[in-house]
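# Chains, contacts and geometry: an overview
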Amino acid sequence: MPPKKKRKRAVDRPTIHPRNKYSDKPPDFGLLASLYPSFEPFVFYSRDGRPRIDWTDFNATRELTRVLLLHDHDLHWWIPDGQLCPTVPNRSNYIHWIEDLLSSDIITNSNSNGDGEVIRGFDIGTGANCIYPLLGASLLGWSFVGSDVTDVALEWAARNVKSNPHICDLIEIRKVDSGEKTSYWEETCNGQSIDMGSSTQVHETEAVKAEPAPSSSLKLHSDVNKSYHGPPVLLGVVRDGEKFDFCMCNPPFFETIEEAGLNPKTSCGGTPEEMVCPGGEEAFISRIIQDSVQLKQSFRWYTSMVGRKSNLKVLVSKLREVGVTIVKTTEFVQGQTCRWGLAWSFMPPARKIISSHVTQKNILSFTLEGLQCQYSAMHVLQSAEAFFCSAGASCKSNASAFYIDITTTKDHFDAILNNNVQNVDEPAPCQYKKAPSNGSGYSHLPSTDLSFRFSIFQQVPGTLLVRGSLQHRDSPSEGAFSLMFQRLEEVLKEKFCREKASSGRSYYNQAR
Ligand SMILES: C[S@@+](CC[C@H](N)C(=O)[O-])C[C@H]1O[C@@H](n2cnc3c(N)ncnc32)[C@H](O)[C@@H]1O
């Protein structure tokens, strides 16, 4: 019997972001107990002499969070009994991942305020604990809007902000109205609550109606998948003209409180309002996606935590359908549990993932960017096959590996290039000149058969890399191959891309 494949243990996986305060040194319960008498009763020593706490005791986990925020982050913090109690090292990982996204050069890297200074984030469902704004503001100086729906969350989030005068100017707590209107409610440093009045923006029902019919085909999925019927999430909460660098969310993961269950090994609290929403996290995050389709570049990055890998897959497919420019995922390992981070953007990419042409003559490639959402790689493969077959070439396709092996003769080339000549406005600066003869009019067409492989690769959602590779290196027919590939690029772009081929005849500038 072959040896069983060993499952990668959680221990082998990176569990903490390298910039996380606790990456080198986990919290020292013994030290904290000696410094904070209120924490001391919760610490006991196991047989190996190591200080421990009872993770099933809500009071112990809450006191640990309180002293960690105080000791390591200079933050004053508290939540009432039963509210969701965050673990500081885990929540910090999400903040640092966003920091990585913001500093990456994948998308245009300008600050939302245009002043290059304060990063502005939106925490969807900040909770009573208000943990992300508190950490983001104290660790990185970011400013936040933290939204929530429940009175207890709004009241305690505001208290937690007010208890920290050094960062309170950076955080606004915003009420999401689940009723007819969305009103804004801010807590200022001196404790005044300000009702900003009714929003002129659409409330939830209207927001749903306002979406264009196919709403980038999210409907396709929502018919079979879960849909959200709750208070507004982003649309109707974000104000007209507001810009953010990112949004983040630790969504209500579960559909029922029974499903949420009680993890017998820990007690982090969590009320039904915090943990549960109809349709669970899939529905909640799908709403964020729907809202992002409307809000587009109002946020540089949209992000959410995802609790289940199966949901992550569904959500990534939804994102592929709505034409985002980039999707990023990460894994957060938290003790024995795994969570995932999902991020997407509608900002233009700052750099090409791969250059649109490669330098080898016998391998050519181009990207199909801005693929219309109703098309997939399979459609492109089929069209390419039709393109070659209609010219009489012999095609052998492998649909599961997304390639076609093609053999063409001089006559096939003639057929393809003849068509090409009719559609090309400017002469291609290559060795093949239009000749005053019959057929394609091209001299130097291959005298022997030409075999090549046409392959398709998904780069990012909405972007395919199309590659053609000649079977024989240093073939004398490279030029003809290149011309034929140009023709194919035109045809595919014309058919599948929002921006048609005429706008990007980049192959003439092919670097060799
Ligand atoms: C799992 S808790 C997360 C709390 C906190 N961010 C954390 O990570 O510990 C989810 C929060 O989302 C809030 N929530 C539910 N629906 C919401 C909505 N439509 N808009 C804003 N917050 C919402 C809940 O009240 C709850 O506080």
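By convention here, each chain's residues receive numbers from 1 onward along its written sequence. Local features in this predicted model are restricted to residues of pLDDT 70 or higher, and side-chain atom pairs are both shown and tallied only at a pLDDT of 80 or more, whereas totals for entire chains, interfaces and linings draw on every residue.

Look at the UniProt record and you will see "binding site: S-adenosyl-L-methionine" (unreviewed entry) annotated at Arg91, Gly125, Asp148 and Asn250. Secondary structure elements are defined from DSSP: runs of H or I of at least 4 residues count as helices, runs of E of at least 2 residues count as strands, and each element is numbered from the N terminus. Looking at the secondary structure, you find aspartate 148 in strand 4 (residues 143-148). By the convention adopted here, residues are in contact when the distance between their C-beta atoms, placed from the backbone, does not exceed 7 Å. Excluding anything up to four places from it in sequence, aspartate 148 contacts Gly125, Thr126, Gly127, Ala153, Leu154, Ala157 and Val176. The topology assignment puts asparagine 250 in the loop between strand 8 (244-249) and helix 8 (257-260). UniProt positions are given in the numbering used here, feature names are shortened, and annotations may be inferred rather than shown by experiment.

Our next topic: the site of the ligand. We call a residue near a molecule or strand when its C-beta atom, built from the backbone, sits within 6 Å of it. In the vicinity of the ligand, 24 residues are found, and the nearest of them are Gly125, Gly127, Pro231, Asn250 and Glu274. Elements that contribute at least two residues to the shell around the ligand include exactly helix 4 (131-140), strand 4 and helix 9 (272-275). The biggest single contributor to the shell around the ligand is helix 9, with three residues.

Ranked by internal contacts, the top residues of the largest apolar core, which has 80 residues, are Ala157, Leu234, Cys247 and Ile288. Excluding residues that lie within four positions of it along the chain, isoleucine 288 makes contacts with Ile124, Val233, Leu234, Cys249, Tyr302 and Ser304. A set of buried residues drawn from Ala, Val, Leu, Ile, Met, Phe, Trp, Tyr and Cys, joined through C-beta atoms within 7 Å, is what defines a nonpolar core. Here the C-beta atoms are placed from the backbone, and a residue counts as buried if at least 20 other C-beta atoms lie within 10 Å of its own, exposed if 12 or fewer do, and partly exposed otherwise. Of all hydrophobic cores here, the second largest spans 31 residues; its members include Leu371, Ile406, Val466 and Leu488.

A word on unusual backbone geometry. Of note in this structure, aspartate 74 is not a glycine but carries a positive phi near 60°. You can see aspartate 74 is positioned in the loop between helix 2 (58-73) and helix 3 (88-103). If you check the backbone angles, lysine 296 has positive phi at about 40° while not being a glycine. Within the secondary structure layout, lysine 296 lies in the loop between helix 10 (280-295) and strand 9 (299-306).

The angle between two axes is taken between their N-to-C directions and runs from 0 to 180 degrees, where each axis is a line fitted to C-alpha atoms and a helix contributes only its stretch in contact. It is the contact of helix 10 with helix 11 (residues 309-321), at a shortest axis distance of 10 Å, that shows an interaxial angle of 20°. Between helix 10 and helix 11, the angle is such that the two are roughly parallel. Every pair of crossing elements has a handedness; the one defined by helix 10 and helix 11 is right-handed. Residues Glu281, Glu282, Ile285, Ser286 and Ile289 of helix 10 touch helix 11, and the partners they reach there are Asn311, Val314, Leu315, Lys318 and Leu319. Here the contact of helix 10 with helix 11 is composed, by residue class, of five nonpolar, two polar and three charged. Angles are sorted into four bins: roughly parallel if under 35 degrees, roughly antiparallel if over 145, roughly perpendicular if 65 to 115, and oblique for all others. Handedness of a helix crossing follows the sense of rotation of the near helix relative to the far helix, less than a right angle counterclockwise being left-handed and clockwise being right-handed. Any residue that is not Ala, Val, Leu, Ile, Met, Phe, Trp, Tyr, Cys, Pro, Asp, Glu, Lys or Arg is counted as polar, Gly included; the first ten are nonpolar and the last four charged.

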